[in-house]
Amino acid sequence: MQFTVNWPQGVEDVIKLVAAYVLAFPVGWYREKEAHSAGVRTFPLVAMASCGYVLLGAPSQHRSADAQSRIIQGLVAGIGFIGGGAILKSESRVHGVATAASIWNTGVVGASVAQNRYLLAATLAVLNLFTLRILLQVKRKLNEEESAKKEEAEDR
């Protein structure tokens, strides 16, 4: 058995893996900073692994489009399973849904990079960070207003 390396393809694959990692890192950094269970390690690893799986199933690697479709289908299910583990219910509250959705989105970031869809990957990463960061502030403000209305109604 002879060991050969397709260096141009290998370098391109490594660049894609690093790009997926870099695009997911800010989301992980933010989640870590906010002390969430999934953070700076989880998000880049999900993106990089998703990218790797899609690269392995790429039709250019002498595999069929059906094979790649099955790999992506498996990724969707597998990442959904990982994200599902982040969702917790306590009494009447559910926690971790944004984390689960972000993990799922990060998988698509990695798969997009593998498909040379860099604009899609960057857009997904930016919108994910925007949703977690900016819309959290909006959510908190709405919750404060709702609490104030409840208190006002109770005072009457």
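See above for the structure.
Sequence order as written defines the numbering, with residues in each chain counted from 1. Only residues with pLDDT of 70 or above have their local features reported here, since the model is predicted, and side-chain atom pairs are shown and tallied only from 80 upward, although totals for entire chains, interfaces and linings are computed over all residues. Heavy atoms from the whole structure form the basis of all side-chain values; hydrogens and water molecules are not counted.

Structural notes on the layout of surface pockets
Rolled over the atoms, a probe with the dimensions of a water molecule shows which regions are left empty. Two kinds of site are reported from a 1 Å grid over the protein atoms alone, namely cavities, where a 1.4 Å probe fits but cannot get out, and pockets, open sets with protein on both sides within 12 Å along at least five of seven lines, and residues are called lining when an atom falls within 4 Å of a point. Grid points are joined across faces, edges and corners, and a volume is the space filled by probe spheres set on the points. Computed from the structure, the largest pocket encloses a volume of approximately 670 Å³. His-36, Gly-96, Ala-98, Leu-136 and Lys-139 are, among the 23 residues lining the largest pocket, the residues nearest its centre. Put simply, the parts of the chain that give the lining of the largest pocket at least two residues each are strand E2 (93-95), helix H4 (97-114) and helix H5 (118-155). Secondary structure elements are taken from DSSP: a helix is a run of H or I of four residues or more, a strand is a run of E of two residues or more, and numbering for both begins at the N terminus.

Concerning the pattern of salt bridges
For this analysis, a salt bridge means a side-chain nitrogen from Lys or Arg found within 4 Å of a carboxyl oxygen belonging to Asp or Glu. Within this structure, the stated rule accounts for 2 salt bridges. Here Glu-12 and Lys-16 are joined by a salt bridge, their closest N and O atoms 3.2 Å apart. Of this pair, Glu-12 and Lys-16 are both found in helix H1 (residues 7-33), 4 residues apart, which corresponds to roughly one turn of the helix. With a relative accessible area of 36%, Glu-12 lands in the partly exposed category. With a 1.4 Å probe rolled over the protein chains alone, any residue whose accessible area is under 20% of its type maximum counts as buried; one over 50% counts as exposed, and the rest are partly exposed. Look at Lys-16 and you get buried, because its relative accessible area is 4%. For Lys-150, the salt bridge identified is with Glu-146, shortest N-O distance 3.7 Å. Here the residue Lys-150 and the residue Glu-146 both occupy positions in helix H5, the gap between them amounting to 4 residues, near one helical turn.

With respect to the packing of aromatic side chains
Each pair of aromatic rings taken from Phe, Tyr and Trp, with Trp reduced to its six-membered ring, is defined by centres within 6.5 Å and is described as stacked if the planes are under 30 degrees apart, edge-to-face if over 60, and tilted in the remaining cases. For the coordinates displayed, the defined rule picks out 2 aromatic pairs. On the basis of an interplanar angle of 25 degrees and a centroid distance of 6.4 Å, the ring pair of Tyr-21 and Phe-25 is categorised as stacked. Taken together, the residues Tyr-21 and Phe-25, both in helix H1 and 4 residues apart, mark about one turn of the helix. One aromatic cluster is present, built from ring pairs that chain together Tyr-21, Phe-25 and Trp-29.

Details of the packing of H4 against H5
Where H4 meets H5, the closest approach of the two axes is 8 Å, and the angle between their N-to-C directions is 165 degrees. Between H4 and H5, the angle falls in the class roughly antiparallel. Relative to H5, H4 is oriented so that their crossing is left-handed. Residue-level contacts link Ala-98, Ser-102, Asn-105, Thr-106, Val-108, Val-109, Ser-112 and Val-113 of H4 to Tyr-118, Leu-120, Ala-121, Leu-124, Ala-125, Asn-128 and Leu-132 of H5. In this classification, Asp, Glu, Lys and Arg are treated as charged, Ala, Val, Leu, Ile, Met, Phe, Trp, Tyr, Cys and Pro as nonpolar, and every other residue, Gly included, as polar. Class assignment for the residues of the contact of H4 with H5 results in 10 nonpolar, 5 polar and no charged. Here an angle of 0 to 180 degrees is reported between the N-to-C directions of two axes, which are lines fitted to C-alpha atoms, with helices fitted over the stretch in contact. Roughly parallel covers angles under 35 degrees, roughly antiparallel covers those over 145, roughly perpendicular covers 65 to 115, and oblique covers all other angles. Two helices cross in a left-handed way if the nearer one is turned anticlockwise from the farther one by less than a right angle. They cross in a right-handed way if the turn is clockwise. Contacts: residue pairs with any heavy atoms within 4.5 Å of one another.

A look at helix H2 (residues 42-56)
Helix span is expected to be 1.5 Å times the residue number reduced by one. Counted at 1.5 Å a residue, the expected span for H2 with its 15 residues is 21 Å, and the 21 Å between its end C-alpha atoms agrees. Restricting attention to buried positions, one finds in H2 the residues Phe-43, Pro-44, Val-46, Ala-47, Ser-50, Cys-51, Gly-52, Val-54 and Leu-55. Elements in contact with the buried residues of H2: H1, helix H3 (65-84) and H4.

Quick look at the side chain of Asp-13
For Asp-13, the position within the fold is in helix H1. His is not counted, nor are the chain ends, whereas Lys and Arg count as positive and Asp and Glu as negative. This buried residue, Asp-13, is left without a salt bridge; Lys-16 holds the nearest opposite charge, at 5.2 Å. In this structure the side chain of Asp-13 is engaged in a polar contact, spanning 2.8 Å, whose partner is the side chain of Gln-9. Pairs of N or O atoms are called polar contacts if they sit within 3.5 Å, as long as, within protein, a hydrogen donor faces a hydrogen acceptor (for residues adjacent in sequence, only side-chain-to-side-chain pairs).

Re the packing of H1 against H4
Contact geometry for H1 and H4: axes closest at 8 Å, N-to-C directions at 160 degrees. Here H1 is positioned roughly antiparallel relative to H4, judged by the angle of their axes. H1 and H4 meet at a crossing whose hand is right-handed. Residues Lys-16, Ala-19, Ala-20, Leu-23, Ala-24 and Arg-31 of H1 lie in contact with H4, whose contacting residues are Ala-98, Thr-99, Thr-106, Val-109, Gly-110, Val-113 and Ala-114.

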